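So the chains spell out like this:
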Amino acid sequence: MNSQINEKKRFYIHTLGCKVNQYESQAMREILLGAGFTECLSKDMADIYIINTCTVTQHADRESRYLAGMFHRTNPLAKIVVTGCYVERNADEISSLPGVSHIVKNDKKNRIVDILNDLGGATSEVERGSHLTVTGFKGHTKAFVKIQDGCENRCSYCKVPLVRGVLKSKPIDVIVKEVAGLVANGFKEIVLTGICLGAWGRDIFPPEISNSVGLKAPDLTDVLKALERISGNFRIRISSIEMKYVTDEMIAFIAGSKKVCRHLHIPLQSGDDEILKRMNRPYTCAQYLGLIEKLKHSIKDIAISTDVMVAFPGETDANFINTMNFLKAVSPARTHIFTYSKRDGTSAAAFDGEVNEVLARKRYYNLRTIAIMLSYIYRAKFIGRTLDVLVESKRDRQTGLLSGYSDNYIKVMFAGDDGAMRTIAPVRIDEMSLVYTRGAYGPASDVKV
């Protein structure tokens, strides 16, 4: 790149939203550093602010606008670059904010250097290529790897398909090379992520075509098999997957795998068939529960985590009671609960039956109480047993103890020295409460099950 254009600039990245956004921020960070830019640890010193936005909720939109204003007040002379999902349908709104100098669409994040240097249609050497990749992951013990973009589902409440476009899968050889590099750089856990992760491969060889010619379409299980062959002491976690993509072949592979974590995050959203239909979710409660039972029967000690939405338009007390009872039947190890947020452009935005804020909050906390109890029930099964825990690089702030996650997604705190950080260590589970799990660390030969 032209050295006179590429004068050093200090940048600061703030990321909102999902693991995909975190991955793409890391990719932009590496592109900028490779082009001679310098990253600021403090936002007060930056010449360039990059806000990687989310638009899943109204709160995320407001936070993006707030950050743009805050950065402009911090340094009125700085460039403010806004990228991510919020800009895909709200570019005019954002570009009118004071200090915003550049709007970068999701598919242009790989051209961040050229955009900052105002090179127009040129493409720099460092940014050439259609797929973002990373070699590290700043501030994380585990590394996220985005292998897929776009969503083929059309849930009535969700804006994401409108801002992320068509399905796009990263080729297996690119994934394998990227993961192998991260493992070589010391990462012990690789989290596969995407906008609709389970749809990986469907754009490469659509199932309707493969079925017509009698061939198997590529799917996420093929990615898992390829990554399993990479040498090294590391594990693979599937970040989130819709139930329709969890095949019998995938279940069998995970059950016999030495590297894939015994944990699947399978969004539920509602435990009531009427609400699921209004959400345009392609399954019934009975189908969802059938899959969960199959997973628990096939994969020993598997952890199921899930998402549940409360206060969807038209949700009655009876609908909500069904969701509470169904969650108890599923008995997830962890549940992410969130309140419906009206999103322009979605079909649910025109639905009648808005649930008032007070009732929505009450339902949120009622469901949260149940979720905490179910988490305790799952974790309690492991008291006295030893789990392999990936130890974080920072201690727990409140207790000063080491902490980390087991492969089946139990967060454990325990005493130990800093040498255990960033390793997969055996930890015996000794005690727990509704909110924490504690254990004792030691070499495998010293830990009694």
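Bear in mind that the values here come from a model prediction, so they are computed numbers and not experimental data.

**Q** Please clarify how the overall build of the protein should be interpreted in this entry.
**A** Looking only at helices and strands, one finds 13 helices and 17 strands in the protein. Considering only C-alpha atoms, the protein reaches an extent of 60 × 60 × 55 Å along its principal axes. Looking at the protein residue by residue over its 449 residues, the buried ones come to 52%. Sequence-distant contacts in the protein: of pairs separated by 6 or more residues, those separated by 24 or more amount to 71%. If you sum the accessible surface of the protein, you get close to 20,500 Å²; carbon and sulfur atoms cover 52% of it. Side-chain charges of the protein comprise 61 positive and 50 negative groups, with the mean position of each set lying 3 Å from the other.

**Q** Just checking my understanding: could you explain unusual backbone geometry for this structure?
**A** Working note: non-glycine residues mostly have negative phi, and peptide bonds are mostly trans. Despite not being glycine, Asn280 shows a phi value in the positive range, around 65°. Here Asn280 shows up in the loop between α10 (273–279) and α11 (285–298). A residue is classified by how much of its surface remains accessible, and Asn280, at 44% relative accessible area, is partly exposed. Although it is not a glycine, Ala311 adopts a positive phi angle of roughly 70°.

**Q** Can you walk me through the packing of helix α9 (residues 248–256) against α11 in this structure?
**A** Two measures define how a pair of helices packs: the angle their axes make with one another and the distance between the axes. For the pair α9 and α11, the least separation of the axes is 10 Å and the interaxial angle reads 30°. In terms of their interaxial angle, α9 and α11 are classed as roughly parallel. In the crossing of α9 with α11, the sense of the turn from one axis to the other is right-handed. Contacts between α9 and α11 involve Asp248, Ile251 and Ala255 from the first element and Leu291, Lys294, Leu295 and Ser298 from the second. Here the residues of the contact of α9 with α11 are counted per class, giving 4 nonpolar, 1 polar and 2 charged.

**Q** Is there a simple way to explain the pattern of salt bridges in this structure?
**A** Two side chains with opposite charge may pair up if their charged atoms get near one another. According to the stated counting rule, one finds 27 salt bridges in the structure shown. When the shortest N-O distance is used, the salt bridge between Arg343 and Asp61 registers 2.9 Å. Linking Arg343 in the loop between β12 (334–339) and α13 (357–380) with Asp61 in helix α2 (residues 58–74), this pair joins segments that are 282 residues apart in sequence. This pair shows no difference in class: Arg343 is buried, exactly as Asp61 is. Linking Glu315 and Arg363 is a salt bridge whose minimum nitrogen-to-oxygen distance equals 2.9 Å. One end of the pair, Glu315, is in the loop between β11 (303–310) and α12 (317–330); the other, Arg363, is in helix α13, with 48 residues separating them in the sequence. Beyond isolated ion pairs, a larger network of salt bridges with shared partners links Glu24, Lys109, Lys146, Asp149 and Arg164.

**Q** For this particular structure, what's the right way to read the pairing of β12?
**A** Along a regular strand, successive side chains alternate from one face of the sheet to the other. As judged from the 6 bridges shared by β11 and β12, these two strands associate in the parallel manner. Its bridge partner being in β12, Ser305 is matched across the sheet by Arg334.

**Q** Honestly, the side chain of Arg363 in this entry has me stumped. Any pointers?
**A** Residue Arg363 is classed as buried on the basis of its relative accessible area of 3%. Setting aside anything within four residues of it in sequence, one finds Arg363 in contact with Val310, Glu315, Thr316, Asp317, Phe320 and Val355.

**Q** I tried to follow the sheet that holds strand β1 (residues 10–15) on my own but got confused; where do I start?
**A** Strands pair in a sheet through their backbones, by hydrogen bonds, and they do so in one of two ways: parallel or antiparallel. Read from one edge of the open sheet, 5 strands run β2-β1-β3-β4-β5, paired in parallel fashion. Looking at strand neighbours, the two that pair on one side only are β2 (38–39) and β5 (100–104), the edges of this open sheet. Note that strand β3 (residues 48–53) and strand β4 (residues 79–84) share 6 bridges and pair parallel. Looking at the pairing, Asn52 lines up with Thr83 of β4. Strand contacts of helix α1 (residues 19–34): β1, β2, β3 and β4, with the helix running at about 170° to β1, the strand carrying the most contacts. In the packing of helix α3 (residues 86–95) onto the sheet, the strands contacted are β3, β4 and β5, and the crossing angle to β5 comes to about 160°.

**Q** Mind showing me how you'd approach the packing of helix α6 (residues 172–184) against helix α8 (residues 220–228) here?
**A** One way to put it is that α6 packs onto α8 with a least axis distance of 10 Å and a crossing angle of 40°. It follows from the interaxial angle that α6 and α8 lie oblique. The hand of the α6/α8 crossing is right-handed. Residue-level contacts link Ile172, Ile175, Val176 and Val179 of α6 to Asp222, Val223, Ala226 and Leu227 of α8. For the contact of α6 with α8, a count of residues per class yields 7 nonpolar, no polar and 1 charged.

**Q** Can you help me understand the packing of aromatic side chains in this one?
**A** Between two aromatic rings, the relevant description is the distance of the centres plus the angle of the planes. Under the criterion given, the structure shown has 13 aromatic pairs. With 5.0 Å between their ring centres and 85° between their planes, Tyr364 and Tyr365 make a pair best called edge-to-face. Classification of Tyr364 by relative accessible area gives partly exposed; the value is 24%. A connected cluster of aromatic rings, assembled from ring pairs, spans Tyr157, Phe312, Tyr340 and Phe351. The aromatic ring of Phe144 is capped on one face by Lys19, whose charged end is 5.8 Å from the ring centroid. When the ring centre of Phe187 is taken as origin, the NZ or CZ atom of Arg422, which lies over that ring, is 5.3 Å away.

**Q** Sorry if this is basic, but what is going on with the environment of Ile172 here?
**A** For Ile172, the location among the structural elements is in helix α6. Judged by its relative accessible area of 28%, Ile172 falls in the partly exposed class. Counting along the chain gives 128 residues from Ile172 to Asp44, while the straight-line C-alpha distance between them is 41 Å. Beyond its immediate stretch of four places on either side in the chain, Ile172 contacts Trp200, Asp222, Val223 and Ala226.

Parameters and conventions
- Residues numbered from 1 in each chain as written.
- Predicted model: local features only at pLDDT ≥ 70, side-chain atom pairs only at ≥ 80, totals over all residues.
- Heavy atoms only, no water.
- Helix = DSSP H or I, 4+ residues; strand = E, 2+ residues; numbered from the N terminus.
- Buried < 20%, exposed > 50% of the residue type's maximum accessible area, 1.4 Å probe, protein only.
- Contact = heavy atoms within 4.5 Å.
- Areas by Shrake-Rupley, 256 points an atom, 1.4 Å probe, with all protein chains shown as cover.
- Lys, Arg positive; Asp, Glu negative; His and termini not counted.
- Charge placed at Lys NZ, Arg CZ, Asp CG, Glu CD.
- Axes fitted to C-alpha atoms, helices over the stretch in contact; angles between N-to-C directions.
- Parallel < 35°, antiparallel > 145°, perpendicular 65-115°, else oblique.
- Left-handed = near helix turned anticlockwise from the far one by under 90°.
- Nonpolar A, V, L, I, M, F, W, Y, C, P; charged D, E, K, R; others polar.
- Salt bridge = Lys/Arg side-chain N within 4 Å of Asp/Glu carboxyl O.
- Pairing = 2+ DSSP bridges.
- Phe/Tyr/Trp six-rings, centres within 6.5 Å; stacked < 30°, edge-to-face > 60°.
- Lys NZ or Arg CZ within 6 Å of the ring centre and 35° of its normal.

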